[in-house]
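# Overview (structure and organization)
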Amino acid sequence: MADVEIVGASFAGLSCARASASRGLRTIVWDRKRDAGEAVRTTGLLVKEADEDEEFPRELVRRIHGVRLYGPSLRWVDLDAPGYFFLATDTPALLRSMAARAEAAGAEIRHGRSFWATMRTGRILVGADGPRSRVARSAGLGVNRRFLAGIEAEFEGPVELETRLHVFLDSDLAPGYIGWVVPGVGVTQVGLATRLPARPDLDRFIERVRSVVDLAPARRVATRGGLIPVGGTVRPFATPDTVLVGDAAGLVSPLTAGGIHTAMRSGRLAALAIASHLLDGGPSPDRVLHDAYPAFTWKRPMRAAMDIHPPNALLDRALESPRFRAVARAVFFHHRGLLSGDAWRDVAPAMLRPAGAP
Ligand SMILES: Cc1cc2nc3c(=O)[nH]c(=O)nc-3n(C[C@H](O)[C@H](O)[C@H](O)COP(=O)(O)OP(=O)(O)OC[C@H]3O[C@@H](n4cnc5c(N)ncnc54)[C@H](O)[C@@H]3O)c2cc1C
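What you are looking at is a predicted structure, and each value in this text was computed from that prediction instead of being measured.

Now for the overall build of the protein chain. Check the secondary structure of the protein chain and you find eleven helices and 16 strands. The C-alpha atoms of the protein chain give 21 Å as radius of gyration, which agrees with the globular expectation for 358 residues (21 Å, within 12%). Projected onto its principal axes, the C-alpha coordinates of the protein chain cover approximately 65 × 45 × 40 Å. Contacts spanning at least 24 positions in sequence make up 75% of the contacts within the protein chain whose residues lie at least 6 apart. When the accessible area of the protein chain is evaluated, it comes to approximately 15,900 Å², of which 53% is carbon and sulfur surface. Between the averaged position of the 47 positive side-chain charges in the protein chain and that of its 39 negative side-chain charges there is a distance of 4 Å.

Taken together, 33 residues sit near the ligand, with S10, D31, R41, F115 and D247 positioned nearest. Residue F115 places a main-chain N or O atom 2.8 Å away from a nitrogen atom belonging to the ligand. At a separation of 2.6 Å, an oxygen atom of the ligand approaches a polar side-chain atom of D247. Calculation on the ligand without its partners gives an accessible area of 1,000 Å², and the protein chains cover 93% of this total. Of the residues forming the shell around the ligand, the biggest block, three residues, is contributed by strand β14 (residues 219-229). For the shell around the ligand, the residue count by class is 13 nonpolar, twelve polar and eight charged.

Below, the discussion takes up the side chain of S266. The residue S266 is located in helix α6 (residues 260-280) in this model. With residues near it in sequence (within four places) discarded, S266 still touches V245, G246, L251 and Y293.

In the contact formed by α6 and helix α7 (residues 285-292), the axes pass within 9 Å of each other and the chain directions differ by 145°. Handedness of the α6/α7 crossing: right-handed. Within the contact between the two elements, α6 uses L269, A270, A273, I274 and H277 and α7 uses P285, V288, L289 and A292. Residue composition of the contact of α6 with α7, by class: eight nonpolar, one polar and no charged.

Glancing now at the pairing of strand β1 (residues 4-7). The side-chain alternation of β1 yields two buried faces, one formed by V4 and I6 and the other by E5 and V7. Pairing of β1 with strand β2 (residues 27-31), which is carried by four bridges, proceeds in the parallel orientation. From the neighbouring strand, V7 faces β2, where its bridge partner is W30. Between β1 and its parallel partner β2, the chain crosses via helix α1 (residues 11-22), and the hand of that crossover is right-handed. As paired elements, β1 and strand β9 (residues 124-127) share four bridges and run parallel to each other. Counted as the bridge partner of V7 is G127 from β9.

As a further point, take the packing of α1 against helix α3 (residues 91-104). The geometry of α1 relative to α3 is characterised by a closest axis approach of 8 Å and an angle of 25° between their N-to-C directions. On the basis of the axis angle, α1 is roughly parallel to α3. Where α1 crosses over α3, the handedness of that crossing is left-handed. Note on element contacts: α3 touches α1 through T91, L94, L95, M98, A99, R101 and A102, opposite F11, L14, S15, A17 and R18. Here the contact of α1 with α3 is built from residues that sort into eight nonpolar, two polar and two charged.

On to the sheet that holds strand β8 (residues 108-111). Reading across from one edge, β8-β2-β1-β9-β16-β15 is the order of the six strands in this open sheet, with mixed pairing throughout. Looking along the sheet, the strands with just one partner apiece sit at the ends: β8 and β15 (238-239). In terms of strand pairing, β2 meets β8 through four bridges, oriented parallel. Residue W30 lies in a different strand from β8, and its bridge partner there is R110.

The omega torsion of the bond from L196 to P197 falls at 15°, within 30 degrees of zero and hence cis. Within the secondary structure, P197 is located in the loop between β13 (188-195) and α5 (202-208). Not every positive phi belongs to a glycine, and L74 is a case in point at roughly 75°. Tracing the backbone shows L74 in the loop between β5 (67-70) and β6 (76-79). Backbone geometry places F296, a non-glycine residue, at a positive phi of 50°. Considering the arrangement of structural elements, one finds F296 in the loop between α7 and α8 (299-306). The exposure class assigned to F296 is buried, which follows from its relative accessible area of 9%.

About the thresholds
- Residues numbered from 1 in each chain as written.
- Predicted model: local features only at pLDDT ≥ 70, side-chain atom pairs only at ≥ 80, totals over all residues.
- Heavy atoms only, no water.
- Helix = DSSP H or I, 4+ residues; strand = E, 2+ residues; numbered from the N terminus.
- Rg over C-alpha atoms; globule rule 2.2 N^0.38 Å.
- Contact = heavy atoms within 4.5 Å.
- Areas by Shrake-Rupley, 256 points an atom, 1.4 Å probe, with all protein chains shown as cover.
- Lys, Arg positive; Asp, Glu negative; His and termini not counted.
- Charge placed at Lys NZ, Arg CZ, Asp CG, Glu CD.
- Near = heavy atom within 4 Å.
- Polar contact = N/O pair within 3.5 Å; in protein donor to acceptor, adjacent residues only side chain to side chain.
- Nonpolar A, V, L, I, M, F, W, Y, C, P; charged D, E, K, R; others polar.
- Axes fitted to C-alpha atoms, helices over the stretch in contact; angles between N-to-C directions.
- Left-handed = near helix turned anticlockwise from the far one by under 90°.
- Buried < 20%, exposed > 50% of the residue type's maximum accessible area, 1.4 Å probe, protein only.
- Pairing = 2+ DSSP bridges.
- Right-handed = clockwise from strand over helix to strand, strands pointing away.
- Parallel < 35°, antiparallel > 145°, perpendicular 65-115°, else oblique.

The structure is reproduced here in structure tokens:
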């Protein structure tokens, strides 16, 4: 019998498997895909904090400094934070390397098998099976109910583009979220997401941004998409013998919709809690994780504000305001929390400046 049985061999499941196997627990991972890099559904952009937690193979990532933020009229401003960066990734290869590291630590990964409740064999079951978690439903745990729908295309070939994260605000094309263009690892990634029930129209978006990102010389080689939970942490997310991690637990920032870093962190945290419980008689993992998972206290109200879909004319005007730009900088560059000291040092000067001052 396995000590830890994990459903889902992606960011959360593979981080959990590696940490669990490294501690000597017999660890089995199931995934319905045939290999970890198959049918990836994410842009795969990592925040700097993820790079601080884990060493990624350098050939699989590309550093991106700064954001170019476009209003609906396609006027733009550049936002910068010295020392901060994002990592674009060759995501399929990155996931394969995470799978190899988990196996090297002793985890057994079994691909090509879907999880059913009756299959359960491990002492502790970890649901790392994404936004529509079957593990959550079979264990009677909380499930995600609020989603963005995201879609992205990948282009190969020459695209003239400054090496920044290009972010597009547009309440018609991306109600409740944004469009993006990422200079990726050997490709250019173009996508957008909308708050359901609105559906993203990628071709219209590509046509709309043509004057600033001309994709005509490039070739579209892939299209992917999926749901992004934005309702915050599900409750309950664990029982004494079943734990949800990553998207299955709703651990995606309701504001930025970034979930990879929290998926990896929660996978690791869950493994440490399980190891302490099984090996050293520590408290059951649900009790430990209760204090460790984020509550998204400030990000949830900000998500509600984004769901209002401000008119495009207002978004264009907002882009000119130093206060709006300061808040945008805090959102993009201060992932440790909008109320962190760093975030306030960045935002406060713009907030305290008299209205109308440049
Ligand atoms: C279009 C799009 C773009 C995104 N871009 C970013 C980004 O740039 N940066 C960022 O931080 N976040 C991004 N996200 C969110 C990010 O992708 C997720 O938060 C992250 O992938 C969560 O990882 P996970 O391991 O929890 O789940 P997932 O990556 O969803 O993996 C779940 C795994 O479980 C497996 N599985 C599911 N059900 C079963 C079953 N019944 N049996 C067996 N296996 C099963 C799946 O095959 C899959 O391998 C994006 C999401 C989307 C949809």
